[in-house]
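Residue-level structure breakdown
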Amino acid sequence: MNSANDDLVRNILAADEQLVDRMGMEITEHGPDRVVGTLPVKGNRQPYGLLHGGANAVLAETIGSVAAAIHAGPERIAVGLELSCTHHRSATEGIVTGVATPVHQGRGTATYEIVITDEEGRRTCTARLTCVLRDRPADS
């Protein structure tokens, strides 16, 4: 990790009204080739007591977008274009961990595979996120 990436990630996560805060998510590692985040199952369950599939999607899109933003650099922004999630097994307690790694890092798009595992290291979800990379608007 470097200080430029630290500042970029800090600024992304410091914006008002972040879903990250509401869901209890944390970014625990970030760099150009790997972003890691965690999410508690408690508070993010569906009615049957399982981690909500949408919570997996939020974790995947968040860490994939952070990875794309690091790749894009401070003068550009990353915006989600497409997200797909395959839910392999349920998580009912503890914390899940997502790891985003690049599949493609271009000038106009960046694609990441996100693997989410439970505390026993079992894969619970595999996601793929593609972000569009744009120049930062002048007013932001």
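Parameters at a glance
- Residues numbered from 1 in each chain as written.
- Predicted model: local features only at pLDDT ≥ 70, side-chain atom pairs only at ≥ 80, totals over all residues.
- Heavy atoms only, no water.
- Helix = DSSP H or I, 4+ residues; strand = E, 2+ residues; numbered from the N terminus.
- Rg over C-alpha atoms; globule rule 2.2 N^0.38 Å.
- Buried < 20%, exposed > 50% of the residue type's maximum accessible area, 1.4 Å probe, protein only.
- Contact = heavy atoms within 4.5 Å.
- Areas by Shrake-Rupley, 256 points an atom, 1.4 Å probe, with all protein chains shown as cover.
- Lys, Arg positive; Asp, Glu negative; His and termini not counted.
- Charge placed at Lys NZ, Arg CZ, Asp CG, Glu CD.
- Pairing = 2+ DSSP bridges.
- Axes fitted to C-alpha atoms, helices over the stretch in contact; angles between N-to-C directions.
- Salt bridge = Lys/Arg side-chain N within 4 Å of Asp/Glu carboxyl O.
- Core = buried A, V, L, I, M, F, W, Y, C linked by side-chain atoms within 4.5 Å.
- Expected span 1.5 Å × (residues − 1).

This part is about the overall build of the chain. The number of helices and strands found in the chain is three helices and six strands. Counting helices and strands in the order they occur from the N terminus, the chain gives α-α-β-β-α-β-β-β-β. Against the 2.2 N^0.38 benchmark of 14 Å for 140 residues, the chain shows a C-alpha radius of gyration of 15 Å, consistent with a compact globule. Within the chain, the proportion of its 140 residues that are buried is 41%. Considering only contacts within the chain whose residues lie at least 6 apart along the sequence, 63% involve residues at least 24 apart. Carbon together with sulfur atoms contributes 47% to the accessible area of the chain, which is approximately 7,700 Å² in total. One way to put it: in the chain the 13 positive side-chain charges average out to a point 5 Å from where the 18 negative ones average out.

With that settled, consider the sheet that holds strand 3 (residues 76–87). Spatial strand order, 1-2-4-5-6-3: six strands in an open sheet with antiparallel pairing. Sheet topology places strand 1 (26–31) and strand 3 at the edges, where each strand pairs with a single neighbour. Averaged over all neighbouring strand pairs, the angle between strand axes comes to 20 degrees, with direction disregarded. Sheet topology note: the strand 4 (residues 95–105)/strand 5 (residues 109–117) ladder contains eight bridges and is antiparallel. Residue pairing across strands places Pro102 opposite Tyr112, the latter belonging to strand 5. Set on the sheet, helix 3 (residues 53–72) makes contact with strand 1, strand 2 (34–40), strand 3, strand 4, strand 5 and strand 6 (123–135); between it and strand 5 the angle comes to about 140 degrees.

Here the structure, examined in full by the defined rule, presents four salt bridges. A salt bridge links Arg34 to Glu29; the nearest nitrogen and oxygen atoms lie 2.9 Å apart. A salt bridge links Asp118 to Arg122; the nearest nitrogen and oxygen atoms lie 2.7 Å apart. Exposure remark for Asp118: the relative accessible area of 8% places this residue in the buried category. If you follow the salt bridges from partner to partner, you end up with Asp118, Glu120 and Arg122 in one network.

By the element assignment, Glu17 lies in the loop between helix 1 (3–14) and helix 2 (19–23). As for Glu17 and His71, which are separated by 54 residues in sequence, their C-alpha atoms are 24 Å apart.

Counting 32 residues, the largest nonpolar core has Val35, Leu39, Val96 and Ile114 as the members making the most contacts within it. Per-element accounting of this core gives the leading share, 10 residues, to helix 3. If we skip the residues at most four places from it in the chain, Val35 touches Ile27, Glu29, His30, Ile63, Val66, Ala67, Ile70, Gly98, Val99 and Ala100.

Between its first and last C-alpha, helix 3 extends 28 Å over 20 residues, near the 28 Å set by a 1.5 Å rise per residue. With respect to burial, helix 3 is a largely interior element, 16 of its 20 residues being buried. Positive backbone phi, at 90 degrees, marks Gly73, one or two positions downstream of helix 3.

Any functional reading would require information beyond the geometric quantities listed.
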